[in-house]
Structure formats: C-alpha cells, structure tokens
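# Descriptive structure summary
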Amino acid sequence: MLSANKSIEALIRLIDDPDENVFEHVRDELIGHGPAAIPLLETSWEEDNYGLLFQSRAENLIQTIQFKSILNGLQDWINSPHKDLLEGALLLSRYQYPNQDEQKVRSAIQEIRRDVWLEFNENQTAFEKVRLFNKIFYNKYNFVGNSKNFHSPLNSFINVVMESKQGNPLTLCVIYSIIAQSLDMPVYGVNLPNHFILAYMDEDNINPFINTDNIHGALFYINAFSKGSIFNEQEIKAFLKGLNKPATREHFEPCSNSAILIRMLTNLITSFQEAGSAKKVQELTQLRDLFNS
C-alpha cells in the first residue's frame, strides 16, 4: 500500500509537465491506479500550490477515474445474477455524489423498515399492509412526490431523495419497493410510459376468486407518487388510452431491475439535456448503452 501511494505521489508531481507525451503517460498510469489515486489527487489539488494547469488536469483526472469506476461498477452489476436494486440505485447516485454516505442511506431504509414491521401481524390482508406501510412512509417520514421540480435531476438520486423526502415517481417507487420486499411484500415496479407505478402481486392466488378477468397476476396497483393510492388495471387502461398507447403486458406486469436502472438513466439524461449539460448527457448515455452491449 505504501509503495503504491509513493508511486501515485511521484506521478502526481508530474501532472503539470509541459511535455504532452509525458502527461499522457502520467495520465494513463494514474487512471490505471483507479479510485486509490483519488484521495492523493484531491489532497494535492487542495493543498499543493502547483498552479492552474495542475489543478485543471488533476480535476479532470479525478472526474475520469470516478466515471471509469462507475462504468466498471455498472458493468459488474449488469453481469451479476442478483442485480440488487438498492446497489444499482446507489451506484448511479455515485455519478453525481462520489463521496455519498451509502451507509447513511442503508440505515435510513432500515429505520423505515423497522417502523413498518412493528405495525405488521400475520393476520393482515395485503390491503391492510399497504395502508399501514403508507401511514409510516408518507405520514411519519413525509415522503412526497416532487411535482414542483418534477424534472430536476435531484429527483433521480436515491441518496438525495432519502434526505429530502421528495422524488419523482420512479425513485419513490424504488425506495417503496426495496422496503416492501424486505418485509416479504410482493411489490414490484411497473414501467408505464410517462409514469412508474407498483404492482402488489397475487402470490397467494386470490385473483381467481375475486377477479376472474385479471390475467396479469397483480392484486392491485400502487401509485407511490400519490401517497400510495391503490387502484386497479382499469385505471391503467384508461391512462394508456389517454396517451394513445397500446395496453400491452409490460404495462401491467413487473419489470426487471435492469429496466428500472435504464429508466433512471433515461430520466437523468432528459434532466441534464434540459439543463444543457452536454458532457453529463454523453456520459450517462454511455452508461445506459452498457445494457445493450
């Protein structure tokens, strides 16, 4: 470790070398060290008086290493058989917040889970469980849909939403479903056009007795953006009709965690396009393209 640090420190001292060939070699070597180089680069950037060229190059190197780390992390997530949703959401948050306190997010989620769990008992129906979940999630913890700044990129970062308690439909659904699934509630995301909702799946096969027309396997649907309101598939059909969209299976059944991360990236690309951040749009598009490679 000490040897690696000394090597990184020696490379850092050459960052402002006027010879472009030397700098390119130094750049490649530092990028090769990966995230281990970042703390030393940050320290030199803040404390050492190497001049504007050094600061500019060091800053670009830090950003390049961070992005490469996210790129590699997302590729590993895609290749993983588990594709843990919380891990994926935290990974995307690292794009904007590389130094985020991920344990703080996990602890906050566990706190909500515990409070919901204390309200549950084995005799409650699915409707009763959702009603109790909503009471804790929306009334105690004050989660709410951010309709005022709906297209803000902040709505798509789980660490920000956990702290601000405001988010877009997708991120609220992600948090809601992560907690619900940890409580053995079969609640999964449904990828609607221009919206995102949750399906409470019929794991106990109740539907044949209460709704013979339901062929999609959901007991009911939940609108996490609207304080957890419960609705049925007829409302989805009406919603799709209003958008002139076909009522296909994907609009009624759970989507994959990969589809959720693709949707998150698409939301962020749209947000940064509106903000005029061309570099971020390019990088986020590169991350989204990993799912097609």
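Right, let's walk through the structure included here. Just so it is clear, the model here is predicted, and its values are computed rather than measured.

## Some remarks on the state of the cysteines
- The full count for this structure, using the stated rule, is 0 disulfides.
- As a non-bridged cysteine, cysteine 173 has cysteine 255 as the owner of its nearest cysteine sulfur, 9.5 Å distant.
- A relative accessible area of 1% places cysteine 173 in the buried class.

## Here we look at helix 11 (residues 233-242)
- Among the residues of helix 11, Glu233, Ile236 and Leu240 are the ones counted as buried. Buried residues of helix 11, seen end-on, are gathered within an arc of 50° and therefore sit on one face of the element. Seen from the buried face of helix 11, the exposed residues on the opposite side, beyond 90 degrees, are Ala238, Lys241 and Gly242.
- On its buried face, helix 11 is in contact with strand 3 (187-192), strand 4 (195-201), strand 5 (218-223) and strand 6 (229-231).
- For helix 11, the N-terminal capping position is held by asparagine 232, with its side-chain oxygen 3.0 Å away from the main-chain nitrogen of glutamine 234.

## Description of the pairing of strand 5
- Taken across its 6 residues, strand 5 has 6 buried, putting it largely inside the fold.
- Inspection of the sheet shows strand 4 paired to strand 5 by 4 bridges, in the antiparallel sense. Counted as the bridge partner of tyrosine 200 is phenylalanine 220 from strand 5.
- Two elements, strand 5 and strand 6, share 3 bridges in a ladder whose sense is antiparallel. Along strand 6, the bridge assignment pairs isoleucine 222 with isoleucine 230.
- Connecting the antiparallel pair strand 5 and strand 6 is a turn made up of 5 residues, with lysine 227 showing a positive phi of about 55°.

## A few points about the packing of aromatic side chains
- Taken as a whole and judged by the stated rule, the model has 13 aromatic pairs.
- Residues phenylalanine 133 and phenylalanine 137 carry aromatic rings whose centres are separated by 5.7 Å and whose planes lie at 40° to one another, so their mutual orientation is tilted. Placement of the pair is phenylalanine 133 and phenylalanine 137 together in helix 7 (residues 126-140), with a separation of 4 residues, close to one helical turn.
- Of the residues examined, phenylalanine 133 reaches a relative accessible area of 0% and is grouped as buried.
- Arranged with centres 4.2 Å apart and planes meeting at 0°, the rings of phenylalanine 137 and phenylalanine 143 form a pair that is stacked.
- Residue classification places phenylalanine 137 among the buried positions, given a relative accessible area of 0%.
- An aromatic cluster is built from Phe133, Phe137, Tyr138, Phe143 and Tyr176, whose rings are joined through pairwise contacts.
- When the ring centre of phenylalanine 272 is taken as reference, the NZ or CZ atom of lysine 280 above it lies at 5.5 Å.

## Details of the pattern of salt bridges
- Here the structure, examined in full by the defined rule, presents 9 salt bridges.
- Aspartate 28 is the partner of arginine 27 in a salt bridge, and the nearest nitrogen-oxygen pair spans 3.9 Å.
- By relative accessible area, which is 48% here, aspartate 28 ends up partly exposed.
- Its salt-bridge partner being glutamate 87, residue arginine 106 comes within 2.8 Å of it at the nearest N-O pair. Remark: glutamate 87 occurs in helix 5 (residues 85-96) and arginine 106 occurs in helix 6 (residues 102-117); sequence separation between them is 19 residues.
- Using a relative accessible area of 25% as the deciding quantity, one classes arginine 106 as partly exposed.
- Because the salt bridges share partners, they merge into one network encompassing Arg114, Asp115 and Lys140.

## Regarding unusual backbone geometry
- Notably, lysine 83 is not glycine yet its phi reads approximately 50°, a positive angle.
- Secondary-structure assignment places lysine 83 in the loop between helix 4 (52-79) and helix 5.
- A positive phi is found at asparagine 142, a non-glycine position, where the angle reads about 60°.
- Its location among the elements puts asparagine 142 in the loop between helix 7 and strand 1 (144-145).

## Focus on the packing of helix 5 against helix 6
- In the contact formed by helix 5 and helix 6, the axes pass within 11 Å of each other and the chain directions differ by 140°. The orientation of helix 5 relative to helix 6 falls into the category oblique. As for the relative orientation of helix 5 and helix 6, their crossing is right-handed in sense. Together, Leu86, Glu87, Leu90 and Arg94 of helix 5 and Glu102, Val105, Arg106 and Ile109 of helix 6 make up the contact between the two elements.
- By residue class, the composition of the contact of helix 5 with helix 6 is 4 nonpolar, no polar and 4 charged.

Rules behind the numbers
- Residues numbered from 1 in each chain as written.
- Predicted model: local features only at pLDDT ≥ 70, side-chain atom pairs only at ≥ 80, totals over all residues.
- Heavy atoms only, no water.
- Disulfide = S-S within 2.5 Å.
- Buried < 20%, exposed > 50% of the residue type's maximum accessible area, 1.4 Å probe, protein only.
- Helix = DSSP H or I, 4+ residues; strand = E, 2+ residues; numbered from the N terminus.
- Arc of directions from axis to C-beta.
- Contact = heavy atoms within 4.5 Å.
- Polar contact = N/O pair within 3.5 Å; in protein donor to acceptor, adjacent residues only side chain to side chain.
- Pairing = 2+ DSSP bridges.
- Phe/Tyr/Trp six-rings, centres within 6.5 Å; stacked < 30°, edge-to-face > 60°.
- Lys NZ or Arg CZ within 6 Å of the ring centre and 35° of its normal.
- Salt bridge = Lys/Arg side-chain N within 4 Å of Asp/Glu carboxyl O.
- Axes fitted to C-alpha atoms, helices over the stretch in contact; angles between N-to-C directions.
- Parallel < 35°, antiparallel > 145°, perpendicular 65-115°, else oblique.
- Left-handed = near helix turned anticlockwise from the far one by under 90°.
- Nonpolar A, V, L, I, M, F, W, Y, C, P; charged D, E, K, R; others polar.

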